[in-house]
Amino acid sequence: MGIKDQFQDKSEQWQQQAKQKAEQAKEKGQRGRPGQGPDRDSMRDEESERMRREEQERLDPDFDM
C-alpha cells in the first residue's frame with residue numbers, strides 16, 4: 001500500500017467519524033428534554049441579539065448634551 005492510499009484511507013476514516021459524531025449529536029439533541037441543560041438555539045439567539053445591540057450602539061451617534 002502506498003502513502004497516497006494510506007492518506008486516502010485515513011481521510012475516509014476521519015470523514016466517517018465526523019459523520020457519526022454529527023449524527024450522535026443530532027440524536028442527543030432530539031432526545032434531550034426541554035429544561036435540561038442549556039438550550040443551544042436560545043443561547044445563539046441571545047448571543048446574536050447581544051451582538052446586534054452592541055453594533056447598533058456603536059453605530060448610533062451619541063446625543064449627550
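Please read all numbers here as calculations on a predicted model, not as lab measurements.

Novice: Quick rundown of the overall build of the protein chain? Include the residues and the values.
Specialist: Along the backbone of the protein chain there are two helices and zero strands. Within the protein chain, the fraction of its 65 residues that count as buried is 0%. Accessible surface, the protein chain as shown: approximately 7,000 Å² in total, 49% of it carbon and sulfur.

Novice: Describe the pattern of salt bridges, with residues and values.
Specialist: Overall, the coordinates contain four salt bridges when judged by the stated rule. For E47, the salt bridge identified is with R50, shortest N-O distance 2.5 Å. Of the two residues, E47 and R50 both sit in helix α2 (residues 40–59), three residues apart, roughly one turn of that helix. Owing to a relative accessible area of 33%, R50 belongs among the partly exposed residues under this scheme. Across the pair R50 and E54 runs a salt bridge whose closest N-O atoms are separated by 2.6 Å. Here E54 and R50 lie together in helix α2, a separation of four residues that amounts to about one turn. Ionic contacts of the salt-bridge type, sharing partners, join the residues E47, R50 and E54 into one network.

What counts, and where the lines are drawn
Residues numbered from 1 in each chain as written. Predicted model: local features only at pLDDT ≥ 70, side-chain atom pairs only at ≥ 80, totals over all residues. Heavy atoms only, no water. Helix = DSSP H or I, 4+ residues; strand = E, 2+ residues; numbered from the N terminus. Buried < 20%, exposed > 50% of the residue type's maximum accessible area, 1.4 Å probe, protein only. Areas by Shrake-Rupley, 256 points an atom, 1.4 Å probe, with all protein chains shown as cover. Salt bridge = Lys/Arg side-chain N within 4 Å of Asp/Glu carboxyl O.

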